[in-house]
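Descriptive structure summary
One-letter residues, chain by chain:
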Amino acid sequence: MRFMLLTPGTGHFYCGSCLRDNTLGNALREIGHEVDMVPLYLPHVLEGSTSAGPVQMGGINMYLQQKSRLAGKLPRFVTRLLDRPGLLRWVSRRRSLTDAKLLGAMTLSMLSGESGHQRVELDKLVAWANSVSPGPDVIVLSNMLLSGIARGLGDALQVPVISTMQGESPFLDALPTPFSEQAWAELRRRVVDIDAFVAVSSWYGDLMQKQLAVPSEKMHVIYNGLDPADFTATPPLLAQRQPATIGYLARLCSDKGVDLLVDAFIRLKARDTVPGLRLCLAGVQLAEDIALMNELRARLQEQGVADDVEVHANVSREEKLTLLHKFSVLSVPATYAESFGLYLLEAMGAGVPVVQPDHAAFPEILEATGGGDLCAPNDASALAESLERLLLDGERAQRLADVGRQAVLVRFPAERMAREFADVGIMLTRSQRS
């Protein structure tokens, strides 16, 4: 079977959805399927071996067409120049392309598909997809924010369309009024254009199904998976990871709770119950995150604990895996409705127990893995207490680490994710043929 997987690129940084899509593409190939990875808006930043073709619906052209109808009449050689990967990467580093507060009108237009301002780009995408030979058996959209292109692609190629559900809700809820309500309404209208939905957790699937009135027969839940090759080596025991280190591995922003974790760390250092305790903050840092990180550095300096904190911005895959083996515990106390949390699997695969807030998909993931503890959400004091209990009980922490690692290797390999995803595609193609 041949899958065409369309996923937004970021231009210059890793994101959880990108990593999941890349892992899915690689795993589908490894079990015998063919995959065309198609970057939208910006070039992909990938881990692993999956190759990606030229950028479709380039971000600069999309932006210009949002601002002026005349942009849709630019000569083809000009629009090709604006789609050059190098230029798109340069632009992505110099302005915020992810802040929902700035993207209300454009998001609504893109969800509107054939009636939106970017109709020219949609037509170009459909024409390109029609020219691909051999064509796909199934089209896969990385998330529901791409549903505006589903009708055009599905009608033109006459193949089923699958959409993953991952991360749409917090983005849409953050859009300013009235765009948030209008975007949700448009998304509900687009449900009929998609043949199957794959949520990355049951909690998030239930949330989106209720929000969008998705028929139950169209809903599927497939947990994310990891490439086990990164985690086959036996990790060091927690007792060997000295000094004790609280780890964080996600975007360095308030939504992911980095400031909440810093507050919890300051409380723990004041208690001084864990000698030599350190904090390691690692992950993507965008231009809009710098002000917050500077504030946190100043706060740590004022409290006299700055020397016990290290920050690793925009880490590579190799750096990430090395840091994980230094962590005694990981916590990413996200304050929003996280649909999964791939960093939890990465931590547990490396033999690191986790402490997460008791909301969103986190209880489900920890129940499925047994690899950590939950605490009250949005509460630095409760987070500090949960981290302290685990850091002071080495035997229990190691048990959680062992259970979590075994669960990740057995229940969350990328191959399992790919096979379940392929089963949905096979079911749809058989149903279409009958």
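A brief structural summary. Worth saying up front: this structure is predicted, and the values here are computed from it rather than measured. (Residues numbered from 1 in each chain as written. Predicted model: local features only at pLDDT ≥ 70, side-chain atom pairs only at ≥ 80, totals over all residues. Heavy atoms only, no water.)

**Describing the pattern of salt bridges**
Defined as follows: Here, a salt bridge means any Lys or Arg side-chain nitrogen found within 4 Å of an Asp or Glu carboxyl oxygen. A run of H or I in DSSP becomes a helix once it reaches four residues, and a run of E becomes a strand once it reaches two; helices and strands are each numbered from the N terminus. We call a residue buried when its accessible area falls under 20% of the maximum for its residue type, exposed when it is over 50%, and partly exposed in between, using a 1.4 Å probe and counting protein chains only.
Scanning all chains against the criterion turns up 23 salt bridges. The residue E114 makes a salt bridge to R151 at a minimum N-O spacing of 2.8 Å. Here E114 is found in the loop between α5 (104-111) and α6 (119-131), whereas its partner R151 is found in helix α7 (residues 150-157), with 37 residues between them in sequence. The class of E114 is partly exposed, set by a relative accessible area of 24%. Classification of R151 as partly exposed rests on a relative accessible area of 30%. Among the ionic pairs, R189 bridges to E186, the shortest N-O distance being 2.8 Å. In this pair, R189 and E186 are both assigned in helix α9 (residues 179-190), 3 residues apart and thus about one turn of the helix distant.

**With respect to unusual backbone geometry**
What you tend to see is this: most non-glycine residues have negative phi, and most peptide bonds are trans. The omega angle of the peptide bond from T177 to P178 is 5°, so this bond is cis rather than trans. As for its position among the elements, P178 is in the loop between α8 (168-174) and α9. Going from Q242 to P243, the amide bond is cis rather than trans, its omega being 0°. Tracing the backbone shows P243 in the loop between β6 (219-221) and β7 (245-249). Residues other than glycine seldom take positive phi values, yet D272 does so here, at roughly 60°. Mapped onto the elements, D272 comes out in the loop between α11 (258-271) and β8 (278-283). For N314, which is not glycine, the phi dihedral falls at a positive 55°. Relative to the helices and strands, N314 is located in the loop between β9 (309-313) and α13 (317-324). Classification of N314 as partly exposed rests on a relative accessible area of 44%.

**Description of the state of the cysteines**
For clarity, the cut-off: Criterion for a disulfide: a pair of cysteine sulfur atoms within 2.5 Å.
Under the defined criterion, the tally for this structure stands at 1 disulfide. Across a sulfur-sulfur distance of 2.4 Å, C15 and C18 are joined as a disulfide pair. Disulfide C15-C18: torsion about the S-S bond near 85°, hence right-handed. Take C15: its relative accessible area is 22%, and that puts it in the partly exposed class. Judged by relative accessible area, C18 falls into the buried class, the value being 10%. In this model C253 remains outside any disulfide bridge; the closest cysteine sulfur is found in C15, 12 Å from its own. The class of C253 is buried, set by a relative accessible area of 9%. You can see C280 has no disulfide; the closest cysteine sulfur is in C253, sitting 16 Å from it.

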